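What the coordinates show
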Amino acid sequence: MVDNDKLVDGIGRRTYLGGIATGAAAGLAGCASGNTADGLEVLHGWTGGDGADAIETLTDAFEEEHSDIDGTFEAVGGDGNVELNTSILQRLTNENPMSSFANWPGNNLERYEGVLMDLEEDVWEAEGLKENMQDRAVELCTFNGQMPAVPIGSHRLNNLFYNTAAFDEAGIDAEDLGSTSDLLDALETIDQDTDYVPFAHGMRSAFLGLQTWVQILASQSGVDAYTDFIEGDGDRDAMIDALETLQEIQENYITDDASAIGYTQAAQNLISDEAACIHGGNWLYGMFRADDDFNYGEEWDWIPFPGTEGVYFYHLDAFVTPGDNPSPEETVEWQKFVGTQEAQIEFNNLKGSVPLRTDIESDELADFLKMTYEDLLDSDEYPPTLAHGLAVEPEQQNDCEGAIGDHFMDPYDAEAAADGLLDAVSE
Amino acid sequence: MSQSTPDTNIDVASVVEDVNLRRIGHYTLIIFFLGFFLLPLVTGIMTALKTNEAIARTVPFMPPLGGGFTLANLEYAFSQLSHAFINSLLMAIPATIINVLLASMAAFGLTMVKWRGQLVILILFLIGIFVPYQAVLVPLARFWNNTFPLADMLSPLFAGIPLLQSYHADLVPLIITHVAYGIPICMILFRSYYQSLPNSLVEAAKIDGASITKIYRRIILPISKPMFGVVFIYQFTQIYNEFLFSFTLVSSASSPEAPVTLIIPAIGTSTSGIDFGIRMSAAFLAALPTIILYVAFAEQFAKGLETESG
Amino acid sequence: MATHDTTEATDSTTGPSKEVVTWKTKLRYFLNSDFVRSSPYWGIPFVLMGIAVYGGIGYNLAISFTDYAGIGRPEFSNLSLEMYRTALADGSFRQAAFQNFVLLVGFTSVSLALGLFLAVLLDYGIRYKETIQTIYLLPMALSFVVTAQVWLWMYSPGNGVLNVFVTALGFGSIDWLGNPRIALAAVIFALVWQFSGYAMVVFLAGLQSLPSDQFEAAKVDGASTAKTYIRIIIPQLKQASVGAAVVLMLFALKAFDFLYAITGDYRPPNGTDILATLMVREAFQYGQWAYGAAIATMLLLLSLSVIAPYLVYQYRQGAL
């Protein structure tokens, strides 16, 4: 990860050395994007690390193939797409749309209702993507009878990454962890027998707690308990049970600075050999692979979040197209490219996610991803993620995060949090 | 109001002791508060000058020693902020000048000349000081983005002006916004000064038949020079330090036209958390112009604040 | 707008034959009145400010009655108080309003008390008074954004200064901004650091405007210095206190910058959400324009409820 930091710094310093010339170029780019309709303009949120590498590879490949298209690719903001989404919202409200932007499809598209462009005919049918993409992705990219988005990659959310040295030292066999109570026992053992922090966890944003709670709920009470919940019919007792498990973890097994850190910093605790395990989407894999001294099968390993075997908690990244598009033809070319085998393999290998096309040779993917890709194609259940836009509408998701943020970040009030969550999805 | 002279009819020795003890206590308190106000600033500056290694291993407010010293953080922060400094100054200087001029005119019109109904206008100005900006943010964003996209209109023009870039046009709505919302407080600052001037000054000129414009140009402008200094420093600090308007009107911290304050909250964050060496360097650099102004014109600054509370 | 001059003109005219002259005289008087002749001076700034402030407030109020959200334009055909009802029924709104109140009262009273204490400390005849005053006031020159960074570092759970002290005293390190039970107090403390110097300056000016013979009189009575201040001097600082309190409250209402800059996110640390942050989050992050506008209107009312009594007080004192 140190390398990633350096990369970001390096770009900054180069910009500086470029001085006035770079400034002028940036100014012109800003002008072109703001006021004129020439060329392709794509906004995304991958400002650093593995995401930045992945998008750079993707856009390079596109520009190589379409040297006639003048493309601008802008990274906006960081954590959780907050700045990106604000920027998109502002541009669309101002009737100043870009060609395309990275976002979650599914219910998340509710934000942009009425101002999206249908690509069903020009991209999906023209490229035969409907046949070659996973049905679930096709479904999630369909919104109000139109298909304004093309998926680029899927992350699996129900992962437990662990530090092999820590588990060895505590004498824990990860394969034996079949439930959250097994997990709690293991965390206790690690706490007692080793110097490792048992569970790396970031609490700076409420979505991190929300996401972990979802895994616990599905693990303890089954995926149905979770799907009932997002449909507005949650079992309050099961929810409270899951919250209490989360509370036990957060009160006993995480770092002191958890409330000040996000998931990237929590993952650093694992890489730096301070923490024993972490729950998170497999974007963490994207972080791990950037460190040459931290390798899959050696320093770290993986199991599905205890009690969720056979389940693939489904996350999806896509490129979305606004209507009244400034560059309809170029945009169609771009979206066609996003759907190609080449694009999906190149991007996902660096990003740590997996392609949505069903016709990809899994050998084209890195070891860990190969396994995830096989799970993507062959799991028993695929519940949509709550904290990443797929399961509920943006406002409901916001309220869910609020419920955790207000009632479950120490001091803990499981009852109030459960009521808040139920309220959030009932509207 | 010093009361160091002791009463003569008390035993001298006890008074000396008493005074000394009191003095010691008094100065101890003063020094304690010097520490209270300076410690966070010293900590920030020391951290800005340290390597990451030194930040992690030494007490935050101790100076960097030997290998722990580095200018790399400051250099990096400056490289990230250099554009933004230009933006901030391009915004704050014209906005402050227009602001101060208009405010002085308004104060003159409402103070040196008397007419009925003045109080209503005055109260409307006064309330303007106390309106939380949130109450106008949504309209403000809609106005500059949809109703009257001045920045878009001006950007081709700005591209043609030497030394400016087309994106600097985005600063124009910000300047106008700052002027409009800055007028009330500056107007009150001027007004309190004009009220303290003797009435005879204007009356005599009036009897001589001088027009209102003449009175303003010949009499008021020259004698309000010191107040112009006070208000200018006060308002420049306000606009340079302001965050919310820029946050609302500039599309993101990575936009080329972003002023300094917009960039600070995001600078030096990486996957491994906040790099406080960079963050403190950036904060220190951002604060430097106003700190210099403040130290150089401490008296005027304090005067502005005294008047502000009416 | 009738002026004194025009009224006189009306009184002095009688009879229909003079009608035309009267009208002209009236106009001439009016055009020559101080109101008209001074209007270019106050008029231009007033119009600019009026559109920005009152036009803005009006438009905001109008939007708050709609259901404007997301992308598109506000629809003014169907107005209701729905957004206000939603807000009042919403737990996070009530929590933000409560925390706003705590911030307002806590910050203002602590700053006033500390400012008064510092003013007395410096008023008491010491050396290097100007320099010390300058240093006490130094944080005022910083922006909220910079102060937030400085205190983020002071409060850092890892190696922040406060935890260096706390652990040196043998206690466990405290997560000042991360613990919702103390985060608001930590924010108030940082803001007091920034603004108590302001209260000090106002009180010092007040103290120095008092005639010094009161001290002499008190001394003749044999009253101690502390008693002199508490019984005689401080009660006379009422005017200064009111002024300082109002301005401090306004700083508190503008604490948005500080809270945003701490996390660099729309959501401030848990337990420190106030109306200003909630409003910006709802409107600009989630596109809930009408809801944000309604919260903003209530924030405005809160602000006016502070300022109106102050203006009345000033008016009664003849200070307007």
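Computed from a predicted model, the values in this text were never measured in an experiment.

Helix and strand content of chain B: 14 helices and two strands. Radius of gyration (C-alpha) of chain B: 25 Å, far over the 19 Å computed for a compact globule of 310 residues.

Right, let's get into the overall build of chain C. A count of helices and strands for chain C gives 15 helices and zero strands. Taking the principal axes of the C-alpha coordinates as reference, chain C spans close to 100 × 70 × 30 Å. Taken across its 320 residues, chain C has 47% of its residues classed as buried. Residue pairs in contact within chain C that sit at least 24 positions apart in sequence constitute 66% of those at least 6 positions apart.

Its location among the elements puts phenylalanine 101 of chain C in helix α5 (residues 91–123). Sequence separation between phenylalanine 101 of chain C and methionine 249 of chain C is 148 residues, and the spatial gap between their C-alpha atoms is 10 Å.

Right, let's talk about helix α3 (residues 82–93) of chain A for a bit. All names here are of chain A. In this model, α3 (12 residues) spans 16 Å end to end at C-alpha, consistent with the 16 Å of a helix rising 1.5 Å per residue. Among all positions in α3, only Glu83, Leu84, Asn85, Ser87, Ile88, Arg91 and Leu92 are buried. Looking at the buried residues of α3, the elements they touch are β1 (40–44) and β3 (100–103). Phi turns positive one or two residues past the end of α3, at glutamate 95, with a value near 55 degrees.

Another point: the sheet that holds β1 of chain A. In a beta sheet, neighbouring strands pair by backbone hydrogen bonds and run either parallel or antiparallel. Residue and element names in this part refer to chain A. Read from one edge of the open sheet, five strands run β2-β1-β3-β9-β4, paired in mixed fashion. Each edge of the open sheet is held by one strand with a lone partner, namely β2 (71–75) and β4 (149–156). The average angle at which neighbouring strand axes cross in this sheet is 15 degrees, direction not considered.

Residues and elements named next belong to chain A. On the basis of which strands lie adjacent, the open sheet formed by four strands has the order β6-β7-β5-β8 and mixed pairing. Among the strands making up the open sheet, the edge pair consists of β6 (197–200) and β8 (300–304). Geometrically, the sheet is characterised by an average inter-axis angle of 20 degrees between neighbouring strands, direction not taken into account.

At the junction of the two partners, chain C supplies 90 residues and chain B supplies 86 residues. At 19 residues, helix α3 (residues 34–64) of chain C tops the list of elements feeding residues into the side of chain C that touches chain B. Class assignment for the residues of the side of chain C that touches chain B results in 63 nonpolar, 21 polar and six charged.

Moving on to the pairing of β4 of chain A. All names here are of chain A. Taking burial as the measure, the eight residues of β4 include eight buried ones, the bulk of the element. Pairing between β4 and strand β9 (residues 314–320): seven bridges, direction antiparallel. In the sheet register, proline 151 faces β9, and the bridge partner there is alanine 318.

Residue and element names in this part refer to chain B. Partitioning chain B into domains gives domain 1 (12–68) and domain 2 (72–308). In this complex, domain 1 contributes seven residues to the contact, which on the side of domain 2 involves nine residues. If you list the elements that add at least two residues to the side of domain 1 that touches domain 2, you get α1 (12–48) and α2 (52–57). Top element by residues in the side of domain 1 that touches domain 2 is α1. It accounts for four residues. Of the residues assigned to the side of domain 1 that touches domain 2, the class counts are three nonpolar, three polar and one charged.

With that out of the way, let us pick up the pairing of strand β7 (residues 275–279) of chain A. Residue and element names in this part refer to chain A. Summarising burial for β7: five of the five residues are buried, a large majority. Looking at chain direction, strand β5 (residues 159–163) and β7 are connected through three bridges and run antiparallel. Along β7, the bridge assignment pairs leucine 160 with histidine 279. As paired strands, β6 and β7 are joined by three bridges and run parallel to one another. Directly across from phenylalanine 199, in β7, lies its bridge partner cysteine 277.

Residues and elements named next belong to chain A. Running from N to C, helix α2 (residues 49–65) and helix α15 (residues 341–351) cross one another at 160 degrees; their axes reach a closest spacing of 7 Å. Taken as axis vectors, α2 and α15 run roughly antiparallel relative to one another. Where α2 crosses over α15, the handedness of that crossing is right-handed. Counting all contacts with α2, which are made through Asp50, Gly51, Asp53, Ala54, Thr57, Leu58 and Ala61, the residues of α15 involved are Glu342, Ala343, Glu346, Phe347, Leu350 and Lys351.

Ranked by size, the top nonpolar core spans 194 residues in total, and within it Ala106 of chain B together with Ile295 of chain C carry the most contacts. When residues of this core are assigned to their parent elements, the largest contribution, 19 residues, is made by helix α9 (residues 180–209) of chain C. Both of domain 1 (12–68) and domain 2 (72–308) of chain B provide at least three residues apiece to this core. Leaving out residues up to four positions away in the same chain, alanine 106 of chain B has contacts with Ile183 and Met187 of chain B together with Tyr41, Trp42, Pro45 and Phe46 of chain C. Among the nonpolar cores identified, the runner-up in size contains 130 residues, and Phe73, Phe143, Ile249 and Ile278 of chain A belong to it.

All names here are of chain A. A positive phi angle is found at glutamate 95, which is not glycine, with a value near 55 degrees. Checked against the element boundaries, glutamate 95 lands in the loop between α3 and β3. In this model, aspartate 324 sits at a positive phi of 50 degrees, which is unusual for a non-glycine residue. Along the chain, aspartate 324 falls in the loop between β9 and α14 (328–338). Classification of aspartate 324 as exposed rests on a count of 12 C-beta atoms within 10 Å.

Conventions adopted
- Residues numbered from 1 in each chain as written.
- Chains lettered and ligands numbered in written order.
- Predicted model: local features only at pLDDT ≥ 70, side-chain atom pairs only at ≥ 80, totals over all residues.
- Helix = DSSP H or I, 4+ residues; strand = E, 2+ residues; numbered from the N terminus.
- Rg over C-alpha atoms; globule rule 2.2 N^0.38 Å.
- Buried ≥ 20, exposed ≤ 12 C-beta atoms within 10 Å, placed from the backbone.
- Contact = placed C-beta atoms within 7 Å.
- Expected span 1.5 Å × (residues − 1).
- Pairing = 2+ DSSP bridges.
- Axes fitted to C-alpha atoms, helices over the stretch in contact; angles between N-to-C directions.
- Nonpolar A, V, L, I, M, F, W, Y, C, P; charged D, E, K, R; others polar.
- Domains from an automatic or database assignment.
- Parallel < 35°, antiparallel > 145°, perpendicular 65-115°, else oblique.
- Left-handed = near helix turned anticlockwise from the far one by under 90°.
- Core = buried A, V, L, I, M, F, W, Y, C linked by C-beta atoms within 7 Å.

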